[in-house]
Amino acid sequence: MQAIEDLKPLLIDSGFQNLKLDAILASLNISKAKFFRYFGSIGGIMELTVYHELSAFYRSYSLALKIRQQRNKEHVLHTITAHRKKFIDNNPILHIYYATKKGFTRRFEPLKKAVLQNENDLLHGMLAKCSYSEADIAFFKQNITNEV
């Protein structure tokens, strides 16, 4: 989605808490009405941006291949956690999000809940494709998405 790509530099420069609607509208070159029609809120476009970045990680063929070949839960947990940390550290959007989310004000609670749910859904999808049981998937969700 082009709007997400256009928003990334602004988000990297300003961070999540300092992102302003006027700056978004200028960056995307759209009207306020069109923005709210497409994204619903500033939180909506932030959520889409973080989801877009997380999707690249959880849809990685090489990661799925590594964990598909392994059945030791602790080894799989370590593999996913290590790759996730490296991916987040190297992704400016995710790095900023996870580095600052603990300091977010109450107005960011819906964003934090949505990102957690989105990541859990992406993790579930990846693990289900690798034929992990629901019990194993629950174990991984509890231990991975709360890691950062």
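Data block above holds the structure.
Everything in this summary refers to the structure shown in the same document.

Calculation rules
Residues numbered from 1 in each chain as written. Predicted model: local features only at pLDDT ≥ 70, side-chain atom pairs only at ≥ 80, totals over all residues. Heavy atoms only, no water. Helix = DSSP H or I, 4+ residues; strand = E, 2+ residues; numbered from the N terminus. Buried < 20%, exposed > 50% of the residue type's maximum accessible area, 1.4 Å probe, protein only. Contact = heavy atoms within 4.5 Å. 1 Å grid on protein atoms, 1.4 Å probe; cavity = no way out; pocket = protein on both sides within 12 Å on 5 of 7 lines; lining within 4 Å. Points joined across faces, edges and corners; volume = space filled by probe spheres on them. Nonpolar A, V, L, I, M, F, W, Y, C, P; charged D, E, K, R; others polar.

Comments concerning the overall build of the protein chain
Then, in step 1: Check the secondary structure of the protein chain and you find nine helices and zero strands.
Then, in step 2: Mapped in sequence order, the helices and strands of the protein chain form the string α-α-α-α-α-α-α-α-α.
Then, in step 3: Here the C-alpha coordinates of the protein chain stretch approximately 50 × 30 × 25 Å along the principal axes.
Then, in step 4: Burial analysis of the protein chain (148 residues in total) assigns 43% to the buried set.
Then, in step 5: Looking at the protein chain alone, contacts between residues at least 24 apart form 60% of all its contacts between residues at least 6 apart.

Concerning the layout of surface pockets
Then, in step 1: Its volume calculated, the largest pocket comes out at about 240 Å³.
Then, in step 2: Along the walls of the largest pocket sit Y58, R59, S60, Y61, A64, L65, R68, D121, L122, G125, M126 and K129, which together make up its complete lining.
Then, in step 3: Sort the elements by how many residues they give to the lining of the largest pocket and helix α8 (residues 109-129) lands first, with five residues.
Then, in step 4: Its residues assigned to classes, the lining of the largest pocket comprises six nonpolar, two polar and four charged.

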